[in-house]
Amino acid sequence: MLDRFVGGGARRRMAGSLCVVAGAAVLASVGASQASASEVATRSYLSKEGTFVVPANVSSIEVVAVGGAGGFNARSVSGGRGARVTATLAVTSGETLYVHVGGEGASATVAGHAGAGGGASDVRTLPVSEGLVPDPRLIVAGGGGGAGGQGPNGTFGPGSGGGNAGESGESTVAGFGGEPGTQTEGGEGGQGECGGGSANPSGENGALEIGGIGGHCTRGEIYGGNGGAGYYGGGGGGAGGPTSVTKEGAAGGGGGSSLVPAGGTLTGAGSTPPQVTISYVQPPNAPAVITGTASNVIRDSATVAGSVNPEDSEVTSCVFEYGETEAYGQTAACTPSPGSGIAPVSVSASLAGLTPATPYHYRVAATNANGTSFGADRTFTTTPHDPPTVISLSPTAGITSGGTSVTITGSEFYEVASVRFGSANAASYTVNSPESITAVSPPGSGIVDVTVATASGTSALNTGDKFTYVAPPVITHVSPAAGPEGGGTKVTINGSGLSGATAVTFGGNAASFVVNSDSTIVATSPAGVGAVDIAVSKPVGGTTSPTSADRFTYEVAAPPEYGRCIKVPIGAGRFSSATCTTLGGEKKYEWYPAFGSNPLLKKHFTIKIKVGTEAVLQTVGGHIVTCKGESGTGEYTGNRTVGDVKLTFTGCHLGTLGNCQSSGAGEGEVVTATLSGELGVIKASTEGTAKNLVGTDLKPAGAEAFAAFVCAGSTTVSVTGSVIGEVKRNAMTTLGTLKYLQAKGVQKPTRFVGGEEDDLLSSFAEATPEHSGLNLSAVVGTEEKVEVSSIY
């Protein structure tokens, strides 16, 4: 609660005008900006109005307010003195208080005029311009009243002095002094009497903050003293004029009231001029910080600077806060650390990962044991990105229908707005990084530039952005459109877009090929079966789509057969050749299957080793049995089969270990089991079945081994499986040939075209059977001319 005291005022009427009197502006401060421990800081105000911002960590201040004294009259009679009020006020850090210092009342210089009232000094929470509703004043020191005027010459008495703050003005026989202001209203004006009918001899009452105006006798121009200003102003003094009875004179103005906070003191100002002094205990300081300017600002980084005064206490944290708003959100450490000195240290930080063309806020923040300080907010704006650049493409070409996935390598791929192939937008694209984009080509043709557009512009055209549209390969015709299952057919592939082909397949099986032109490829068919599509592939352009035009049919090789080519009347046959291999012509030959349907034909044949040759059985493990001779017999049992075949090898021996012989045979003789045989195609010719290679597969007719014998008296040998040997074909003769071939124990061939593997295995001394092969060149003799035909 505030105690209320009487004080003085500061306004007077002079020559018909209203004047406000105050002292010159002076501010003195003993601060503690570099204080390392608690100190008392004092700020004195002598000016009319000033401000005081409560420092950090300060919660109370001591205020001494001194009001102004009233002015002298023209006869040097002094006005009243102001008040001195001392009090302690509770405050909040950062709060702004407004200090108003009242001036001393002006002294009169013209005979008959009074002194002005002294001004009040106060501290308030709002500027003076905001008025007194509600009243913002916290402490007020009232001003003294001004001295009353005197007569025009020395024959009359002088005017009386004004009242001190909180006192009535002095009076004379011609008038009464003004009353002091109170805590609820202004002081009453003094009484006066003027001779000769002069008007307004009494002074006006004081009002809120304003002193009253002294009375005025027009006869003799005598003025009562003005009241002093204060919480409420004092009343103006009354004036007296010359009469036949009284002498001229005027009373002084009353003093203004003061506002003294609870616990404060009120005394007279004495000779102290009007002023306000504020003292407070300055605690140890948090760091003093200043946010500096930003430099090296580019699209994604900047350097920010500032200064930090540690205020003689170790700085434990120093950062630059930054972000796109004043909420900041990100920090960067100061460099260097400010340390613990008492002088400002220049600090900076590099900010990275910023967004181009974007305003940023930043400030410096530092903490020591006494608190945290924040610098002022400052801003910078990053520069925009450079236009994008396309450096290279992978791949650099694709098919005209589009759909090629292209990796675009370059720079500045930020906020990509479009990717174009020539004038067409990419079918789709994905920005992988600022240096990479994956785009899918749209349909197009020819050579086009691939460009990337962003908010910063479009990539400039260069040699690295070229993309070539390539027509896909197309097959329009293949010739021939058929071939044997064994492969080897030379096939001419006709079409378009064939140049650059890297693969040709027949039903998915790779073929060898030669590209002759963009419209022609010659490929050699691999082995296969059935009807298949021929496909041409190339890295750029893809693979041909299957159509009826690319169809190739694998023909089953006709099984060979035994028979006779017989001359018939012209036109009665189908063939023009005596071997029944050429159709047409005079058609005077006809083919008759051999023995299955003609019981009258002689079916027996002989087999005898060719003169000058040896028969050799060899295993992959290196066992070799050599025989000097061979003979045998058999008979034709069907169009494609033989039976009752038995072979006897003579002069047989196992290396240098000794002779070999079968059970019951003569020395050096090896006799096979009863064998049966079947014709088949060893190798299909690409030039037609007439040139197919034909062979006979001999195998045991029953379950016994192909041959069994003993070598060197103790080494048992068991041969199982079968062998395929080539026979003479397409010739009517009584002497054919039979050839069995092997290399290092591997039979050649091991199967017929389209058939299963047909192995010959040998076991020596009951060891694990090994792959074996037989070398034998024999002559087949028949009782009648017989032909092995390859075209059936």
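Residues numbered from 1 in each chain as written. Predicted model: local features only at pLDDT ≥ 70, side-chain atom pairs only at ≥ 80, totals over all residues. Heavy atoms only, no water.

1. Notes on the state of the cysteines
Throughout the structure, instances matching the rule amount to four disulfides. Sulfur-sulfur distance for the disulfide between cysteine 318 and cysteine 334 comes to 2.1 Å. Its torsion about the S-S bond being -75°, the disulfide of cysteine 318 and cysteine 334 is classed as left-handed. With cysteine 318 in strand β21 (residues 317-323) and cysteine 334 in the loop between β22 (330-333) and β23 (345-352), this pair connects stretches of sequence that are 16 residues apart. For the pair cysteine 318 and cysteine 334, one class covers both residues: buried. (Disulfide = S-S within 2.5 Å. Helix = DSSP H or I, 4+ residues; strand = E, 2+ residues; numbered from the N terminus. Buried < 20%, exposed > 50% of the residue type's maximum accessible area, 1.4 Å probe, protein only.)

2. Some thoughts on the sheet that holds strand β32 (residues 428-433)
The antiparallel open sheet is built from four strands, whose spatial order is β27-β29-β33-β32. Two strands bound the open sheet, and with one partner strand each, they are β27 (389-394) and β32. Strand-to-strand twist of the sheet, defined as the mean angle between neighbouring strand axes without regard to direction, takes the value 25°. Across five bridges, the pairing between β32 and strand β33 (residues 436-440) is antiparallel. Among the inter-strand pairings, valine 431 is bridged to a residue of β33, identified as isoleucine 437. (Pairing = 2+ DSSP bridges. Axes fitted to C-alpha atoms, helices over the stretch in contact; angles between N-to-C directions.)

3. Observations regarding empty space enclosed by the protein
With the rule as written, the count across this model stands at two cavities of 30 Å³ or more. One number sums up the size of the largest cavity: a volume of about 270 Å³. When contributions to the lining of the largest cavity are tallied by element, the ones reaching two or more residues are β48 (604-609), β52 (641-650), β57 (693-700), β61 (733-743) and β64 (770-789). Here the lining of the largest cavity gets five residues from one element, more than from any other, and that element is β64. In this structure, the second largest cavity encloses a volume near 180 Å³. Around the second largest cavity sit 14 residues that line it, and Leu617, Phe649, Val670, Phe709 and Leu774 are the ones nearest its centre. If you list the elements that add at least two residues to the lining of the second largest cavity, you get β49 (615-619), β50 (624-627) and β58 (707-711). For the lining of the second largest cavity, the element with the highest residue contribution is β49, accounting for three residues. (1 Å grid on protein atoms, 1.4 Å probe; cavity = no way out; pocket = protein on both sides within 12 Å on 5 of 7 lines; lining within 4 Å. Points joined across faces, edges and corners; volume = space filled by probe spheres on them.)

4. With respect to the layout of surface pockets
Put simply, the largest pocket is a space of about 340 Å³. Lining the largest pocket are 20 residues, with Gly680, Phe752, Val753, Gly754 and Gly755 positioned closest to its centre. For the lining of the largest pocket, the secondary-structure elements that each account for two or more residues are β56 (675-683) and β57.

5. Topic: the pattern of salt bridges
The final tally for this structure, using the stated rule, is 16 salt bridges. Where lysine 466 meets aspartate 449, a salt bridge forms, and the shortest distance between an N and an O atom there is 2.8 Å. Of this pair, lysine 466 sits in strand β36 (residues 466-470) while aspartate 449 is found in strand β34 (residues 447-454), placing the two residues 17 residues apart along the sequence. Ionic pairing is found between arginine 564 and glutamate 784, a salt bridge with its closest N-O pair at 3.5 Å. Remark: glutamate 784 occurs in strand β64 and arginine 564 occurs in strand β46 (residues 561-567); sequence separation between them is 220 residues. Each of Asp122, Arg124 and Glu209 takes part in a single network of salt bridges with overlapping partners. (Salt bridge = Lys/Arg side-chain N within 4 Å of Asp/Glu carboxyl O.)

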